[in-house]
Structures are given as C-alpha cells and as structure tokens.
Amino acid sequence: METAPLLKMSQISKTFPGVLALDKVDFELRRGEVHVLLGENGAGKSTLMKILSGAYQKSSGEIELDGVPVSIKNPRHAQDLGISTIYQELNLIPHLSIAENIFLGREPSKFASVIDQRALVRAARELLKGLGLTVDPSARVKRLGIAEQQMVEVAKALSLETRILIMDEPTSALSQQEIKQLFATIRRLKEGGVSIIYISHRLEELFELGDRVTVLRDGRSVATCEVAETSKPELIRLMVNRELTEQFPKRQATIGEEILRLEGLTTSGLRDISFSLHKGEVLGIAGLMGAGRTELAQAIFGVEKIEAGQIYVKGKARRITSPRRAINCGIGFLTEDRKSQGLVLRLSVGENLCLPSVDKFTSWGMVDRNKEKLACRRYIQELRIRTPSLKQKVSFLSGGNQQKVVLGKWLCSEAEIFIFDEPTRGVDVGAKTEIYELMDRLTAEGVAIIMISSELPEVLGMSDRVLVMRSGEIAGEFSANEATQERVLQCALMA
Amino acid sequence: MKKLLIMMLLILIALIGCQRGGDRAGGPPKIAFVMKTANNPFFIEMQKGAEQAAQRLGVNLIVQAADREVDVEKQMQIVENLIQAKVAALCVTPSGSREIVPAIDKANRAGIPVVIVDTRVDEKALSESHGKIAAFIGSDNYEGGKVAGEFLAKRLGGKGKVAVLEGIPGHETGDSRLRGFREAIKATPEIQIVASQTANWERDQGFNVFQNILQSHPDVQAVFACSDLMALGAVEAIAAAKKTGQIVVVGFDALAEARKAVEQGTMEATVAQSPATMGELAVENAYRLLKGEQIKPEITVPIKLITKENVTSQ
Amino acid sequence: MRPNGIALRQNFLLHHARQLGTLSGLLVLGLVLWVLTPHFLTLSNLLNVAEQATIIAIVAVGMTFVILTAGIDLSVGSVLAFAGVVMASALHAGAPLPFALLAGLVTGTVCGLVNGLLITLGRLPPFIATLGMMSVARGTALMYTGGRPISGFSENFRWLATGEVLRVPIPVIVMIGIYAIAFFVLTRTKLGRYTYAIGGNEEATHLSGVNVRFYKTVVYGLAGLFSGLAAILLTARLNSAQPIAGMMYELDAIAATVIGGTSLLGGEGNVLGTLIGALIMAVLRNGLNLLGVSSFLQQVVIGSVIIVAVLIDMALKRRGKYS
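Residues numbered from 1 in each chain as written. Chains lettered and ligands numbered in written order. Predicted model: local features only at pLDDT ≥ 70, side-chain atom pairs only at ≥ 80, totals over all residues. Heavy atoms only, no water.

Engineer: Explain a nonpolar patch on the surface to me, using residue names and the numbers behind them.
Structural biologist: Residue and element names in this part refer to chain C. On the surface, a cluster of nonpolar side chains totalling about 720 Å² of accessible area is made up of Leu102, Val106, Val110, Val114, Leu118, Leu124, Phe127, Ile128 and Leu131. Within the residue set of the nonpolar patch, elements represented by two or more residues are α4 (97-120) and α5 (126-145). Sort the elements by how many residues they give to the nonpolar patch and α4 lands first, with five residues. Summarising the element assignment, Val114 is placed in helix α4. (Patch = residues over 30% accessible without salt bridge, like charges linked within 9 Å, V, L, I, M, F, W, Y side chains within 5 Å. Areas by Shrake-Rupley, 256 points an atom, 1.4 Å probe, with all protein chains shown as cover. Salt bridge = Lys/Arg side-chain N within 4 Å of Asp/Glu carboxyl O. Helix = DSSP H or I, 4+ residues; strand = E, 2+ residues; numbered from the N terminus.)

And the structure:
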C-alpha cells in the first residue's frame, strides 16, 4: 500500500560546537504507520527527533508536512502542527491531577479564567476511556505507576489532536505486562490514523510493533526498510556495521577466594540477606522492580543505614556507613541513573573520572594535575571513551560513553568489587556487547561483580551465579547451569 | 547588527565627547553637597534650600547621597569619588559622627574645605586625626530635645507616663535630642519614662514599636519621638488602637506632614529645625569661603516649637 | 574526531569566554566614562575605585564558593558587622594587634561554620539557615555594643586601610592576594574540585565517596572567614566598627558573583569573573558620582546593569557560544 508521505525530512544536518550530530539525514513517515528509528547511542536519533519537535533548530535541510514545506520554530509550534513527543523522562507535574496535567496550559474556563473543573475532568475521562484506561482523572499523577503516567502523556498528546506521535524508548521502565498494554494502545492509535515514530533499542519490540524501520549510524541514515522484509542480524549489522556473532563473551575468569560476605544484613527495606562473592565472579541479581535489589546495592555501598547484620570484606568485618568507607573497602557502584547519580554533568570528563580518587593525586590538599591527566588518559584509552579531550564536559558525550566514564571512575579508584545496577539500560546493542566484554576482562583480572539487571537474558548470559530477590529477601539462588528464564522468573514471582 | 551597534556607540561617544569640553573651562565653582540620604523629607527640604542658594549665587551644585541613611561606607565612597572629581568645596551631613572623620582627612589632604551640616562630627575623633572642618551649620539638637521635654511636662501637668521612640543608637543627632529630653523630664520627678526604644528613624518601625509599647503599657499618656517620621508612625499606631486624641505625641523636625498633623490635632507639637535654611546657609558659606572671605566656625540655625497656636503662621 | 590540538585550544577559549565577556563589559564601561569625564582615567581615581571595590570583592569571594555549591549566604553582611565589633572591642580592651585580628577572623569563621552545620547536619535550606544567621549575628552585634559604634584605633591598625606600597593601597594588595589564593584553591586543590562537583551534582558527588557535608561546611566557614577579613579592612577604613555595618552587602556580593558569570544553580563560574563583577559595580558607582548623577537614578542604572549582564550571558549560552 503506497501512500504519499505525511512527513518528509530531507537532507537534515545539525552541528553542535565541535560536533556534526546529523549529516544529511533523510526520513519519511506515512500516515498511520509505526516507524521505528533504530541506532546506537549517539547515532543521532534523539537529535533528529528534537529537530522535529522544535526543541532544536536544524542547521540545514528541508521538512515537509503534507507536502508543504514548514520550518518548525519551537515546541509550541510543533504542537500546533500536530507533532507531539513523549520523552523517556516524563514531563508531568506530580502534584497536579491527571486531568490538570492533560490540559495544562489549555484549561477550559468559564469566565474570568476560573477553571471549569467539571469540564476538565469530563474531557479527561473521555480521553482516558478511549485509551482503555480506567483511572480517576482527578487522582494525583504522583500516585500513578510509570506505565499509567505514560498513558497520561499519550492522552495529553491526543488532546492536542496529534497526527505524529514521537515515543522515545517508552518501554525502558515498564514491566512485561505494562508493555503489552502500551502496545495495545499504540495499535489503537494507529487505527485511529496517528503516525508513530518509535525509538527503541529492543529489537523484539520492533518486530512485534513496527511497519517500517530506519537505521541511523554516526549521524547518517543508513537504510529504511519494511520490517517484514528484514531480520534481526541484518538490522544489527546495519546499526554497528559488523556481524555480532555472539552477544555474550565466553567467560574466561577463574573464580578465586571469597572477597565479600554478607551475614544477616537487614535495613528498612531488606531482611536477613546473606551471601558471599568471590574474586573473578559475576553474581547476577534478578527480581522484579521493588524487590529490593537497588536497596541491597545501596546498603553495601553505605547509602542505606544497616540495622542489623554484618559485612565482611576479604574476611574482615567492616562497618560501611558512607560511600567513602565503601570506596576505601574497594567497592565501586555504577548507579542505575547515571545522569542524576553517576556523573556531574557540568564537570569535564577528566574531573568526573577522578572524582572518587582525587586523594590519590593530592598532596597537601593540592591536586597534581599531570599525574591526574596521565591516569585519565589511560582509562579513556582502555575503555575507548570517545571524547575530543579530557576537558570536554561530560554532558556532551553520548549515553554509552557517559556510562564508560562512570565505569572509569571506579577503575580509577581501584575498586575490586563492582556493583552494576542495570548496566545496559538505555544502551544500544553495540555498546552493550562492549560493556559485557569489559565485565569479562575485569573478572579475568580478579575483580568481583554484582550485577543487578531486569533483563533476564543478560543475567543468565553473564552470571556465574544468580540470586533472585523478592520483597526484600533472597528468594532463591541458582548456579549458571541451573538457571533458566522459567525458573528465575517463577522464583521472582512466587507469592 | 553588530556593526550597527558599534556605530551607534561611536556616535554616542562622539556626541558626549563634545559635551565634555565644558567641564574643563573655568566656569562657576563646583560645590558638592553629600547628604545622609535623598529619600527623607528632612533632607529633601535641605536639598531644596541648597539648590535655591546655588541658583542665586551661580554655583554648580552636585547633590549626592547614599541609598540608606546609615551607610557610612557608601558615604565615604561618595566623598572619595567627589574628591576625584575635583570639586572646590564639600558640604556633608555625616552618616556617622566618627566614621566621617577619615573622609574629612582625605578632603583635607586634597585641599578641599569641608562644611559640616546638621550632624556634629565627634570632636575627639577629629582632633585625634588632626582633621579640620571649615564650619558647622546646624541647630542645637540638645536644646531641641529639652524644649520638647519641657513642653510635654507642662502639657501633662507635671505628672504621667511617657514613652520615647529613639533614633539609631550611636547617632549624634538622636543621642543629643534624647539627652535634652531626659534632662527636661528630670526636672519633674513625677513624670515617668516607662519605655524607651529605638525605631531606627523609620516610620513603619515607629508604628510597630509603638504598637508594642501600647500592648505592654496601655496607660501611657504621651510619646516623644526623636524624629517626625517615627512620630507619624506612632500616630498611626494610636489610630489603629482607636486612641486618637488620648495620647500626646511630640515629634522633631517639623516636616510638612507633621505640621499638618499638628494642625489636625493628631500630633501635639514638633520641633522645627528648618533644614532648608541649613542647606541654604551651607552653600552660601562654602561659596564665601571659596571667594576668600572669613566665615564663622559655628552657625546655629534657631529652633522653634511648632504647636497648634503657631502652626499656621509658619 | 578532530585533531586534539584544535579541540584543546577551542576548549580553552570556550572555557574562558564568559570571563572575557565580563572583562570587555568592564572595559567598555571604562571607555564610556573616560569619554564622559576627565576625572575617571587618572591613576589616583583608578586606585580609588580599586580600594572602594575591596570590601565587596572580598565578601564576594566567599559568596562565589557558596554559590558554586548551589547554595547562598545571606548572612555575610551581618557576620561582617559582628566580626568587626568583636575585633574592635578586643583592640579597645588592649589586646595585641595580631590577637585582635585573629579574633575578628575567628568570629567570622565560626558564624560561617555554624551556617554550614545548620545546612548539613540540620538539613536546613541554605536560604533559611543564613537568613536566620543574618538576624542573629546582627542582633548579637547590636546587643554586644549596645547599638553604639566602637571607634578610634591605633595608627598601626589603621595602616591596614591607609597604608600604601608603591602608591597601591594595602586593601587592594590584600584583595589581589585573596583572589590569587582563591583562584588557586578552586583550580588546583581538592577543596576546589569538590566545590564544583557538589554544585554540579551533589548526589553523584556523595556517591563518589566525597564527604559532602564536611566540604559544604568548610565552604560556608570560608564565607564567614572572608566576611571577617572584610570586617577588618572596613573597620580600619572607617576608624570605627559599627554594629549596623555591612547591611545589604550580601546583595552586592551576590550581584558581583552573578555579573561575573557564576551560575546561581551552582557548579559553574570562577572567582576571576567575580573580581571583574565587583570592579564593574565599583566603577559604575564611581562614575555615576563623578558625573553627579542623582542617587535615585544611580540605583536604576546599577539594577539595569545587573539584569543586562545576566541577560547577555543567558543569550550567549543559548546560542551555544560557550558551555
């Protein structure tokens, strides 16, 4: 079925100081299709979408809507043209109600700008019903789960008479059940004639949902094809321009002596956690959201207060009451959210790399910058961090490279125990493999890793042992041989 | 766009540059008048008097003041800057009677005569630094306080409870008025000062402080405020307490608004200092000094008590 | 990827573009005043302006540290007054000069540390903690002195304000020294690094093992220390320590910091900008006095300059001229 394109972006380029982010990209969107935008982190997907949604101005190129050239001046203008975006980080105001959020800035008013609360709620209820959602429109948004909040964003977009809906990694924070619900909504929207641009790293979703796919690589559009006519390996090849024969590296480490032991660890959210970790081992921690996995990492790292129990590092009982003490014990923590917890975005790559270990380069309170520079150079090389210089602000790096900077921080602090909390969230296939390889190399050097992850294939593919957590306790332990998706999932779900 | 801006800037500079020529020519003598502040009626009247004299005598008068009355540092900066601007003579109402001394020293060193207006310079501090002033022009605040005290004592029949609103402590003006008032009250032992608190020369603080005094001493019969602004604040506090006419209010400075209050009866009396005369005399004497004439080292501007009887005759 | 040399040089310019912008603002201001009045560009007037800038400039150093951590210190002016009267009464009590100076500096530092502890241990927002300290320090100074200024000091002490070395007033030399030290501390020491890191992302810094509470407390202590130092210079300058000294200095210090390009959100800026900011304010006041502009108009002009400076800064940022 060939129809004239609803949207045509041709030869779009965008430059930032020192960076060519987009290089003559072509992109086309048909009426009522789900068009998946695929590419590694830093390939230019977000930049392209920000141009379409008016957040950025293009440096050159043409945008046509319904065959008419338009220049999108700002986000408001994009909205008026019927283009809405749902970002990864949702833009809702937690203290307002669902209805108020949906109509923020466009509240129906009776007279003298007194808001007509009833009309507001009524209109919101109708919109939500259309999406198959049965929540009370006057409920506060902060009470909703992430999936429901996303629905509110969708409803908001619909209320704007959206023709083009951009969704940036909508499933990254959703459970399996919620994803199904979201997909049902997307199909309904599609039937209603809305065109959807869908950005995702998850190839499975693409095949389940997409009509066509456009692959971006290094700021260029590599290919556009019908989903039905392509395959996973081909897409991966297009994205990274190399065949990925095996996602997970063959583990080479030999498991050595015990390095960390927890005995009866109890905090406000954890009960009686005991396990041990050995040199060269990857210990996977699986479990549903809210099972206490991040709390466990925080307890080991001295963020959560320990109420009972004991932590032993290399056989010695240690009281870890602050991150500083954890670091002194040789522990490094790669947090789930690198932007708010892992990095100081306004500081440079070098300054971030050395943040936990400035002491090493300091004498009499003064930082020896040459020594520091040498160390940073080493880690940039070792981790292949792509940055023009040490002085580059870390906020200018792509997501994958930022993650590597976080990793470098802990390498620099000479950690021997790494806690990875969702190490590959929001990271593309190529960078994922790179991170797995790094984990393998680290363990080969005798480092021990605790890996918290929601992606079962990753847990099963990388771990030597798997612990499953459920409501603040350890619900089961599996060796690499015993662990299967079914067993782990069953253990995590069991009431 | 950028070029246009630069062009405009250049034109502006050229235009102003032409104007600058006048500055260098001999012209009339440049006299600077530095007041405590420019946003208080007392000093506004002083400024008017000074400007009138300047116009009459053909003097190029520059009036400057700090934003806040008590900002001694800013006042010192202004004096320093005016010394740089090479004024011929300086008239100053000191924000602080001791803190002004370093500034006087600087003017002395630059050979610029200083006429002090309204607030006296601390004699000790001045002699310690071997500073010199050309003249002091002002009224006797101590005498004014005394006149107000005597009036109040007579008005209350030599008996009663009195409250006092003080100025900022450590201020020569306020301190002198206060001492004069206390001296007068001492003569009538049956008059009791039940409360004496600062309202920092300000009207809104006069309101708040007197409201608080009314809470703790509901039987207070009279209030003396060291300035009219504080007195007017007290008048409003009395009105808010629905006690208008029951409490005798005496102020100081004879501001236009205070005179009106005396006329209407919400205030009983105010001490007239005539700031306009001070400003006028200051500029006049500075001018005579520059012409090489001798001037008196101390010029007193007479004090007068304004009451309902004489308010209209002013 | 581009060759490293070019990227680095570009980086240097990008890094300092903001300060260059402020500096050119100061130069333009100077140029305009030079045209408008013959009294501006003389050695004695320039030294005069520099001396007038010292008090605010020194207070603003502490303010810059605090604002870099994304905090604010409203108490600097009151702390200045308190430290001043403590030092002055020590002098009047016959204490040896170094001891009295130390008393002033310690008083300031202690007030600052209390601010820091209220913020870190007491978990008060900086605005509230320092607002409280502003009132407490002022009130204590007034009680301590009974509201009266303490004045009249030895020539030795007054030399701190009246002395000159090669015609340069001592306060100006002190100011330059302080800025050199502060620049060094911010760029080369651990304390400086952590100051930026805390302002950029406090949580990430904490999770990197930095004792955030300790360093924040130290930073507020520094603000108090600089207030104490400014108190010494101000007292020497006026030959009097007033309990009501330094009112609204906090706002001037914040203005100097912001004009100098330090972001109120923290993590961005440096002290060189602040020095230029303080000089701009002093030059502006000086120029307006020289020109005999009315004191009402002066307030309007100074306020407008602050707004315009920040507007230009933000416009440049949006255009991506520098980061």
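What follows continues from the structure just given.
Engineer: Now, about the sheet that holds strand β11 (residues 258-266) of chain A: what can you tell me, with residues and values included?
Structural biologist: Residue and element names in this part refer to chain A. Read from one edge to the other, the open sheet built from four strands follows the order β12-β11-β14-β15, with strand pairing classed as antiparallel. At either end of the open sheet lies a strand with only one pairing partner, and these are β12 (273-278) and β15 (316-318). Each strand of the sheet is rotated relative to its neighbour by a mean of 20°, with strand direction disregarded. With five bridges connecting them, β11 and β12 associate as antiparallel partners. Directly across from Leu260, in β12, lies its bridge partner Leu277. (Pairing = 2+ DSSP bridges. Axes fitted to C-alpha atoms, helices over the stretch in contact; angles between N-to-C directions.)

Engineer: Break down the domain arrangement of chain A for me, citing the residues and quoting the values.
Structural biologist: Partitioning chain A into domains gives domain 1 (7-240) and domain 2 (258-493). Computed over C-alpha atoms, the centres of domain 1 of chain A and domain 2 of chain A are 32 Å apart. (Domains from an automatic or database assignment.)

Engineer: I'd love a proper account of the interface of chain C and chain A, names of residues and values included.
Structural biologist: Facing 32 residues of chain C, the contacting portion of chain A comprises 38 residues. With both chains or domains summed, chain C and chain A bury close to 2,900 Å², and 56% of this area falls on carbon and sulfur atoms. When residues of chain C are sorted by the area they lose upon contact with chain A, C:Arg193, C:Leu207 and C:Ser208 head the list and together hold 24% of the total. The tally of links from chain C across to chain A stands at five salt bridges. A salt bridge links C:Arg193 to A:Glu351, with the shortest nitrogen-to-oxygen separation between them at 3.8 Å. Linking chain C with chain A are 12 residue pairs in polar contact (both at pLDDT 80 or more), by the criterion used here. Going through the elements one at a time, α1 (4-36), α7 (170-188), α8 (190-200) and α9 (202-207) of chain C are the ones with two or more residues in the side of chain C that touches chain A. It is α8(C) that contributes the most residues to the side of chain C that touches chain A, six residues altogether. Residues belonging to the side of chain C that touches chain A are distributed by class as follows: 11 nonpolar, 15 polar and six charged. (Contact = heavy atoms within 4.5 Å. Buried area = accessible area lost by both parts, 1.4 Å probe. Polar contact = N/O pair within 3.5 Å; in protein donor to acceptor, adjacent residues only side chain to side chain. Nonpolar A, V, L, I, M, F, W, Y, C, P; charged D, E, K, R; others polar.)

Engineer: Explain the interface of chain C and chain B to me, using residue names and the numbers behind them.
Structural biologist: Chain C puts 44 residues into the contact, and the matching count from chain B is 37 residues. Summed over both sides, the interface of chain C with chain B buries roughly 3,500 Å², with 51% coming from carbon and sulfur. There are four salt bridges connecting chain C and chain B. A salt bridge links C:Asp252 to B:Lys74; its shortest N-O distance comes to 3.6 Å. Inspection of the region where chain C meets chain B yields 18 residue pairs in polar contact (both at pLDDT 80 or more). Ranked by residues supplied to the side of chain C that touches chain B, first place goes to helix α2 (residues 43-68) of chain C with six residues.

Engineer: Run through helix α8 (residues 203-216) of chain B, naming residues and quoting values.
Structural biologist: Residues and elements named next belong to chain B. For α8, with 14 residues, the first-to-last C-alpha span of 20 Å sits near the 20 Å given by 1.5 Å per residue. Within the span of α8, buried status applies to Gly206, Val209, Phe210, Ile213 and Leu214. Across the axial projection of α8, the buried residues extend over an arc of 145°, all falling on one side. In this structure, the buried side of α8 is in contact with β6 (160-166), β7 (191-198), β8 (222-225) and α9 (228-240). (Expected span 1.5 Å × (residues − 1). Buried < 20%, exposed > 50% of the residue type's maximum accessible area, 1.4 Å probe, protein only. Arc of directions from axis to C-beta.)

Engineer: Before we move on, could you go through the confidence of the model for chain B and cite the residues and values that matter?
Structural biologist: All names here are of chain B. This prediction gives chain B a mean pLDDT of 87; 91% of its residues lie at or above 70. Within chain B, the lowest mean pLDDT, 53, falls on helix α1 (residues 2-24), and the highest, 96, falls on strand β3 (residues 89-92). Low pLDDT, under 50, characterises residues 18-25; the predicted model gives this stretch nine contacts beyond four residues in sequence or across chains. Predicted complex metrics record ipTM = 0.81 and pTM = 0.76. (pLDDT = per-residue confidence, 0-100.)

Engineer: Go over the domain arrangement of chain B with me, naming the residues and quoting the values.
Structural biologist: How large an interface is tends to be reported as the accessible area lost when its parts come together. Residues and elements named next belong to chain B. According to the domain assignment, chain B contains domain 1 (28-138 + 275-300) and domain 2 (141-272). Averaged C-alpha coordinates put domain 1 and domain 2 at centres separated by 29 Å. Each partner contributes to the interface: domain 1 provides 12 residues, whereas domain 2 provides 10 residues. By the criterion of area lost to domain 2, the three top residues of domain 1 are Pro41, Phe42 and Val70, representing 33% of everything that side buries. Across the contact surface, domain 1 and domain 2 share one residue pair in polar contact (both at pLDDT 80 or more). Broken down by class, the residue content of the side of domain 1 that touches domain 2 amounts to three nonpolar, four polar and five charged.

Engineer: Run through the pairing of β7(B), naming residues and quoting values.
Structural biologist: Bridging between β6(B) and β7(B) involves seven bridges; their strand directions are parallel. Within β7(B), the residue paired with B:Val162 across the bridge is B:Ile193.

Engineer: Account for the packing of helix α5 (residues 146-159) of chain A against helix α6 (residues 176-191) of chain A, with residues named and values stated.
Structural biologist: In a pair of packed helices, the angle between the axes and the distance between the axes together describe the arrangement. Residue and element names in this part refer to chain A. Across the interface, α5 lies against α6 with an axial gap of 10 Å and an inter-helix angle of 10°. Compared by their axis directions, α5 and α6 come out roughly parallel. Contacts from Ala147, Gln150, Met151, Val154 and Leu158 of α5 reach α6 at Glu178, Gln181, Leu182, Thr185 and Leu189. Its residues placed into classes, the contact of α5 with α6 shows six nonpolar, three polar and one charged. (Parallel < 35°, antiparallel > 145°, perpendicular 65-115°, else oblique.)

Engineer: Mind laying out α7(C), listing which residues take part and the relevant values?
Structural biologist: With 19 residues, α7(C) extends 27 Å from end C-alpha to end C-alpha; this agrees with the ideal 27 Å at 1.5 Å per step. Those residues of α7(C) lying buried are C:Ile170, C:Pro171, C:Val172, C:Met175, C:Ile178, C:Tyr179, C:Ala182, C:Val185 and C:Leu186.

Engineer: Can you tell me about the packing of helix α2 (residues 41-57) of chain B against helix α11 (residues 275-290) of chain B, naming the residues and giving the values?
Structural biologist: Residue and element names in this part refer to chain B. Two numbers describe how α2 lies on α11: the axes approach to 6 Å, and their chain directions differ by 40°. The chirality of how α2 crosses α11 is right-handed. In contact with Phe42, Glu45, Met46, Gly49, Ala50, Ala53, Ala54, Arg56 and Leu57 of α2, α11 contributes Pro275, Ala276, Met278, Gly279, Glu280, Val283, Glu284 and Tyr287. (Left-handed = near helix turned anticlockwise from the far one by under 90°.)

Engineer: Mind laying out the sheet that holds strand β1 (residues 30-35) of chain B, listing which residues take part and the relevant values?
Structural biologist: Residues and elements named next belong to chain B. Read from one edge to the other, the open sheet built from six strands follows the order β2-β1-β3-β4-β5-β11, with strand pairing classed as parallel. Across the chains shown, the open sheet's two edge strands, defined by having one partner strand only, are β2 (60-65) and β11 (298-300). Ignoring which end each strand starts from, the neighbouring axes of this sheet average 15° apart. Here six bridges tie β1 to β2, and the two strands are oriented parallel to one another. Directly across from Val34, in β2, lies its bridge partner Gln64. In this fold α2 packs onto β1, β2 and β4 (114-117), with an angle of close to 165° to the strand it touches most, β2.

Engineer: Before we move on, could you go through empty space enclosed by the protein and cite the residues and values that matter?
Structural biologist: All names here are of chain B. Tallied over the entire structure, the rule returns eight cavities of 30 Å³ or more. The space that makes up the largest cavity amounts to roughly 160 Å³. For the largest cavity, the lining is made up of 13 residues, of which Asn40, Phe43, Glu69, Trp201 and Asp253 are closest to its centre. Elements supplying a minimum of two residues to the lining of the largest cavity: α2 and α7 (172-186). Residues that form the lining of the largest cavity fall into these classes: five nonpolar, three polar and five charged. (1 Å grid on protein atoms, 1.4 Å probe; cavity = no way out; pocket = protein on both sides within 12 Å on 5 of 7 lines; lining within 4 Å. Points joined across faces, edges and corners; volume = space filled by probe spheres on them.)

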